[in-house]
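Observations on the three-dimensional arrangement
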Amino acid sequence: MRKKKHILPIAVLAALCLQSICFADSRTSKIKPGSYAGYNILFVSFDALQAKHTSCLGYFREVTPTIDRFAREGFLFNNATAQSSWTVPSTMSFITSLYPSQHKVVNKYSVYTENQKVFANLKELSPQSLTLAQVLKANGYATGGFTGDAGVGAKFGFAQGFDKYFEGPVFGGMDKSIPEAINWLQNNSSRKFFIFLHGYDVHGQFDPPGGFTYKYVDPPYRGSLKGGKNEEAAIREEGLEKGSVSLTAEDVRFWRALYDEKISDIDKRFAGFIQELETMGLLDKTIVILFSDHGTEFYEHKRFDHGYSLYEELIHVPVVIWLPKIKGGLVIGDQVRAIDIMPTVLDLLGVKAPINLKQQMQGKSLLPLLNGKHIKLDAFSETDYRFYACKRSIKTPDGLKFIYSLDTGEKELYDLKKDPGELVNLLKADPKTAYELEQKLFSWMQGTGQDEDHYKKLLKGVLKVKEY
């Protein structure tokens, strides 16, 4: 009698294939600064996409075939860390290579009192800071941004340097931003271009235009939840006010299934955009960078949505760099940060950064990693989400993580290699390591203009922001 063969899911096989790193033999020359001079740049943000839910990083459902394609053919960073856990500060760090406390757009409002509400704006809070769009525009690029507004609205300074900046409906998806981007491309295809394409399609505040099909809800859900942005907002706000929410395992499976449906939808929309690029003959002349600004919470730590904490479900993000004319895939396990993307782009293009920009950028070029070398980088993250929280974290290259809450004084220490879910606080078990990382964190804070009284200064005369 024959033994049954155990067939691994395609997503797992793809991840294993990537991890075999069959890349070295396919590249005949080293990638040098300027190797892609004059190439186009496509910067794609899948807002609120949790790394755990991407098939190329081992997820059991095949919901990201287009993202997976670019991961297979390019460079997949499986240990990338965002500098914040929500859209406004995190995306600004991606496009400035500055930590949130340096670019200062840490909340939607810089002033929020009963009598005065002032939107945070990069030019007003950090007038000397340059965005990636500004730098590329100064180097002859046509620049177009096509977004879903909300946390990447022009009012915060995200439009700086763009010839065209489409915001669409608030919390809009790529169903709106992609047609605008294609229309703009048709009028600018003869120029080298930088496109920032963004959508909230998987975000909690986005409902599918035609409603949910519930195609991944299996077995049938028998709980009380219905899904949708209004219910999601209610659960999020309950967590902020009460400190936690109460959900069953069945509730969480239901929400993850709806999330997967939205991920599958955005992947298909993105596939259509890539097809347009190929039809126009532009993809072979375009560097593609795929990322998420932050993840989202599904009750891993008794909360829902994002922004309040700095756990891995929020700051571990998918990042892919795809380069034309290079075949094969490379999974890069070294820790990288959102702030490293901007200097990497400029290095690939051979754009010489003036002194002020060199001093501004806190990140490092990842070209050594693209050439098979290793680098060791600490990753710092922060959140002052809607003035409900004030947390800072450090994650070391060997997987140790320390979180400090400036508002409560709470300290947390985790070994991510042994405890990737951050469930066992090692603070008492390993006080020496906790102290060393705390001092390293405080040193970084001082270097970015913060101190232990930062929270008191932040909240002076400010109310918690009730609006999302």
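Figured I'd write up the structure that's included with this text. A quick note: this is a predicted structure, and the numbers were derived from the prediction, not measured.

1. Here's the deal with empty space enclosed by the protein
Tallying each qualifying case throughout the model produces five cavities of 30 Å³ or more. Of the voids in this model, the largest cavity is the one considered here, and its volume is about 150 Å³. Along the walls of the largest cavity sit 19 residues, with G204, E232, W255, Y259 and F298 positioned nearest its centre. Breaking the lining of the largest cavity down by element, the ones donating at least two residues are α8 (229-242), α9 (249-279), β9 (297-298) and β10 (304-305). For the lining of the largest cavity, the element with the most residues is α9, which contributes four residues. Residues belonging to the lining of the largest cavity are distributed by class as follows: nine nonpolar, four polar and six charged.

2. A word on the environment of F194
Take F194: it is sitting in strand β7 (residues 193-199). Taking the relative accessible area as the measure of exposure, F194 reaches 2% and is therefore buried. For F194 and T286, which are 92 residues apart along the polypeptide, the C-alpha to C-alpha distance reads 9.2 Å. Residues contacting F194, with those up to four places away along its chain left out, are I41, F43, L132, A133, L136, Y141, A142, T143, G144, F162 and W184.

3. Describing the nonpolar core
By size, the foremost hydrophobic cluster in this structure holds 64 residues, and its most contacted members are F77, F194 and L323. Not counting the four nearest positions on each side in its chain, F77 is found in contact with V317, V319, I321, I332, V336, L366, L369 and L370.

4. Some words on the layout of surface pockets
Considering only enclosed or pocket space, the largest pocket measures out at about 580 Å³ in volume. Every residue lining the largest pocket is counted, 27 residues in all, and those nearest its centre are A51, N78, E312, H316 and P420. Listing elements by their share of the lining of the largest pocket, those giving two or more residues are α1 (10-19), β2 (75-81) and α10 (312-315). Per-element accounting of the lining of the largest pocket gives the leading share, three residues, to β2. Residue composition of the lining of the largest pocket, by class: ten nonpolar, ten polar and seven charged.

5. Here we look at the sheet that holds strand β15 (residues 391-395)
An order of β14-β15-β16-β17 is seen for the four strands of this open sheet, with the pairing classed as antiparallel. Looking at strand neighbours, the two that pair on one side only are β14 (379-383) and β17 (411-415), the edges of this open sheet. Each strand axis lies, on average, 15° off the axis of its neighbour in the sheet, ignoring direction. Bridging between β15 and strand β16 (residues 400-405) involves five bridges; their strand directions are antiparallel. Its bridge partner lying in β16, K391 is registered against S405. Sheet contacts for helix α14 (residues 431-447): β14, β15, β16 and β17; angle to β16, the most-contacted strand, approximately 65°.

6. A word on the side chain of T344
By the element assignment, T344 lies in helix α11 (residues 341-349). Residue class for T344 comes out buried when judged on its relative accessible area of 1%. Here D340 takes part through its backbone oxygen, which lies 2.6 Å from a polar atom of the side chain of T344. When residues no more than four places from it in sequence are discounted, the contact partners of T344 are I321, K364, S365, L366 and L367.

7. What about the side chain of D419?
Tracing the backbone shows D419 in the loop between β17 and α14. Here D419 is buried and forms no salt bridge, its nearest opposite-charge partner K401 lying at an N-O distance of 10 Å. Contact partners of D419, with chain neighbours within four places excluded, come to Y414 and V424.

8. Thoughts on the pairing of β14
Most of β14 is tucked away: five of the five residues are buried. Along β14, one buried face is formed by A379, S381 and T383 and the opposite face, lined by F380 and E382, is buried too. Where β14 and β15 come together, five bridges link them in antiparallel fashion. Across the sheet, residue E382 finds its bridge partner in β15, namely R392.

Reading the values: the criteria
Residues numbered from 1 in each chain as written. Predicted model: local features only at pLDDT ≥ 70, side-chain atom pairs only at ≥ 80, totals over all residues. Heavy atoms only, no water. 1 Å grid on protein atoms, 1.4 Å probe; cavity = no way out; pocket = protein on both sides within 12 Å on 5 of 7 lines; lining within 4 Å. Points joined across faces, edges and corners; volume = space filled by probe spheres on them. Helix = DSSP H or I, 4+ residues; strand = E, 2+ residues; numbered from the N terminus. Nonpolar A, V, L, I, M, F, W, Y, C, P; charged D, E, K, R; others polar. Buried < 20%, exposed > 50% of the residue type's maximum accessible area, 1.4 Å probe, protein only. Contact = heavy atoms within 4.5 Å. Core = buried A, V, L, I, M, F, W, Y, C linked by side-chain atoms within 4.5 Å. Pairing = 2+ DSSP bridges. Axes fitted to C-alpha atoms, helices over the stretch in contact; angles between N-to-C directions. Polar contact = N/O pair within 3.5 Å; in protein donor to acceptor, adjacent residues only side chain to side chain. Lys, Arg positive; Asp, Glu negative; His and termini not counted. Salt bridge = Lys/Arg side-chain N within 4 Å of Asp/Glu carboxyl O.

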